[in-house]
Amino acid sequence: MSQGPRSGLAAVSSALLAMSRHLEVRDVLKTIVASARELLDAQYAALGVPDDHGGFAQFVVDGIGEEQWKAIGPLPRQHGILAAMLHEAKPERLADVREDPRFEGWPSAHPEMSDFLGLPIRDGDEIIGALFLANKLCPAEGSSPRPRSEGGCGFTEDDEELLSILAQHAAIALTNARLYERSRELTIAEERSRLAHELHDAVSQKLFSLRLTAQAAATLVDRDPSRAKGELQQVAALAAEAADELRAAVVELRPAALDEDGLVATLRTQIQVLDRAHSARVTFTCHGVRALPAAQEEAFLRVAQEALHNALRHSGAEQVDVTLHKRGPDTVLRVTDDGSGFDPSTVRRAGRHLGLVSMRDRAGGIGGSLTVESVPGKGTTIELEAPGG
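If you're wondering where the values come from, they're calculated on a predicted model, not measured in any experiment.

K.L.:
How would you explain the packing of aromatic side chains if you had to name every residue and give the values?
P.N.:
For the coordinates displayed, the defined rule picks out five aromatic pairs. Ring geometry for phenylalanine 103 and tryptophan 106: centres 4.8 Å apart, planes at 75°, overall edge-to-face. By relative accessible area, which is 24% here, phenylalanine 103 ends up partly exposed. Residue classification places tryptophan 106 among the partly exposed positions, given a relative accessible area of 24%.

Next up, the structure:
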């Protein structure tokens, strides 16, 4: 920066908003560090997340090039000033870090640092990180910003107060990101468990039947070739069904390419695969829907996958139609099948049957609503309507 520290309300707001946009922990750490360095006009910034063994589980820097960072070597240990911030839980503002008695030096490739400002990031009583800045850049008239070691100026009490505010919001952003990643891990584990159960129930049973049928064919091939031929035809049919089940499971295991392709393209691709993998005809049409916020796109995709799973695995449908369209300011997903249908009141009493509770939770999570229409013997329609698009 060349116009001094961005200490205005707009700059602070911009930094806080930037931290709240990310859900991945690594992205949040990088955004915190970059925001702190820019907001306080420092030459260098870093953030360390401690591990339980005297080191750092993660350490992110800003202001140091990738090659120089590699040349510096392994991540630092919790010693010197870093240890003080992590264990004494108080800010450290130094005119020259090299003159502090706790300073223990740094690797040869490390940049020279003088004035220093650091403080812990706390979540309640727990210290979850250490944020620090070095070399305050103070522009002199008619020249470029320069650090204190070159005639610049050091960090002030106002800088410390501003960094403290930033650290409080950084703690919230980092905690939210951790909770998001843990929630995603649980979701992945639950999904794997569900798919494993389905593979056991469907594919394993078909493979067992295939094995028995093949053994029967082997015993008949000499004494009753005609019956053996029939058994072998059954083997081929069972193998095809098992392959269909496996292909469908692979589709559900494959991460949705929402970031690269978006909801519409991802749905179209998955439905094309399902149409090839199943005997039922599966179609997809889209009218007027383009990009949606990431949370909405994921919810629409997961509801579509669950509804398709129910229609193709349980209803015996011959035709399944998926549509995505606009309805006023909202986007509507509609999955209709001509299968066996069911009594919705019975499903409500049965609890989580057919994954309807999960679909309703996803709809509610994005401010939408889920509607289920079904009659025994007359098919099912599942509709998700939510703002956006």
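K.L.:
So what about the confidence of the model for the chain? Which residues, and what values?
P.N.:
Scored by pLDDT, the chain comes out at a mean of 81, with 80% of its residues at no less than 70. Between the elements of the chain, mean pLDDT differs from a low of 61, seen in helix α9 (residues 344–350), to a high of 95, seen in strand β8 (residues 330–337). Throughout residues 1–7 the model reports pLDDT below 50, and contacts reaching past four residues in sequence, or to other chains, amount to 17 contacts.

K.L.:
Please set out the sheet that holds strand β1 (residues 42–50) residue by residue, giving values where relevant.
P.N.:
Hydrogen bonds between backbone atoms are what pair the strands of a sheet, whose relative direction is either parallel or antiparallel. Read from one edge of the open sheet, five strands run β2-β1-β5-β4-β3, paired in antiparallel fashion. Edge positions in the open sheet fall to β2 (56–62) and β3 (92–94), since each of these has one partner strand only. On average, each strand axis in the sheet is inclined to that of its neighbour by 15°, with strand direction left out of account. By the bridge criterion, eight bridges tie strand β4 (residues 116–123) to strand β5 (residues 126–136) in an arrangement that is antiparallel. From the neighbouring strand, arginine 122 faces β5, where its bridge partner is isoleucine 127. Together, β1, β2 and β5 form the strand contacts of helix α2 (residues 25–39), whose direction differs from that of β2 by roughly 40°. On top of the sheet, helix α4 (residues 80–88) reaches β1, β2, β3, β4 and β5; it is set at about 140° to β5, its chief contact.

K.L.:
I'd like to hear about the pairing of β8, residue by residue, with values.
P.N.:
Each regular strand displays side chains that alternate between the two surfaces of the sheet. For β8, the tally of buried residues reaches six of eight residues, placing the bulk of the element in the interior. Alignment of strand β7 (residues 319–327) against β8, held across eight bridges, turns out to be antiparallel. Each residue of the ladder has a partner; that of leucine 324, found in β8, is leucine 333. Examined bridge by bridge, β8 and strand β10 (residues 380–387) share eight bridges and lie antiparallel to one another. Across the sheet, residue threonine 331 finds its bridge partner in β10, namely alanine 386.

K.L.:
How would you sum up the pattern of salt bridges? Please name residues and give values.
P.N.:
Tallied over the full model, the rule gives 13 salt bridges. For glutamate 160, the salt bridge identified is with arginine 93, shortest N-O distance 2.9 Å. With glutamate 160 in helix α5 (residues 157–220) and arginine 93 in strand β3, this residue pair connects regions lying 67 residues apart in the sequence. Given the relative accessible area of 21%, glutamate 160 is considered partly exposed.

K.L.:
How would you summarise α4 if you had to cite specific residues and measurements?
P.N.:
Summarising burial for α4: seven of the nine residues are buried, a large majority. Residues of α4 that are buried sit in contact with β1, β2, β3, β4 and β5.

K.L.:
A description of helix α8 (residues 294–313) should follow, citing residues and the corresponding values.
P.N.:
One turn of an α-helix holds 3.6 residues; hence residues three or four places apart share an orientation. The end-to-end C-alpha distance of α8, which contains 20 residues, comes to 28 Å, matching closely the 28 Å that a straight helix rising 1.5 Å per residue would cover. The buried fraction of α8 is high, at 15 of 20 residues.

K.L.:
So what about the environment of methionine 85? Which residues, and what values?
P.N.:
The topology assignment puts methionine 85 in helix α4. Overall, methionine 85 belongs to the buried group, its relative accessible area being 0%. In sequence terms methionine 85 and alanine 130 are 45 residues apart; their C-alpha atoms lie 6.5 Å from each other. Setting aside chain neighbours within four positions, we find methionine 85 in contact with Lys90, Glu92, Phe116, Gly118, Leu119, Pro120, Ile127, Ala130, Leu131 and Phe132.

K.L.:
So, the sheet that holds strand β6 (residues 281–287): which residues are in play, and what are the values?
P.N.:
An order of β6-β7-β8-β10-β9 is seen for the five strands of this open sheet, with the pairing classed as mixed. The open sheet terminates on both sides in strands that have one partner only, identified here as β6 and β9 (369–374). Across the sheet, the axes of successive neighbouring strands diverge by a mean angle of 10°, strand direction being ignored. Alignment of β6 against β7, held across seven bridges, turns out to be parallel. When the bridges of β7 are listed, cysteine 286 appears paired with leucine 324. Contacts from α8 reach β6, β7, β8, β9 and β10, with the element oriented near 10° to β8.

K.L.:
Would you mind going over the environment of valine 33 in detail, with residue names and values included?
P.N.:
Considering the arrangement of structural elements, one finds valine 33 in helix α2. Owing to a relative accessible area of 0%, valine 33 belongs among the buried residues under this scheme. Residues valine 33 and glycine 48, spaced 15 residues apart in sequence, show a C-alpha to C-alpha distance of 9.9 Å. Residues within four places of valine 33 in sequence aside, it is in contact with Ala45, Ala46, Leu47, Val60, Val61 and Asp62.

Analysis parameters
Residues numbered from 1 in each chain as written. Predicted model: local features only at pLDDT ≥ 70, side-chain atom pairs only at ≥ 80, totals over all residues. Heavy atoms only, no water. Phe/Tyr/Trp six-rings, centres within 6.5 Å; stacked < 30°, edge-to-face > 60°. Buried < 20%, exposed > 50% of the residue type's maximum accessible area, 1.4 Å probe, protein only. pLDDT = per-residue confidence, 0-100. Helix = DSSP H or I, 4+ residues; strand = E, 2+ residues; numbered from the N terminus. Contact = heavy atoms within 4.5 Å. Pairing = 2+ DSSP bridges. Axes fitted to C-alpha atoms, helices over the stretch in contact; angles between N-to-C directions. Salt bridge = Lys/Arg side-chain N within 4 Å of Asp/Glu carboxyl O. Expected span 1.5 Å × (residues − 1).

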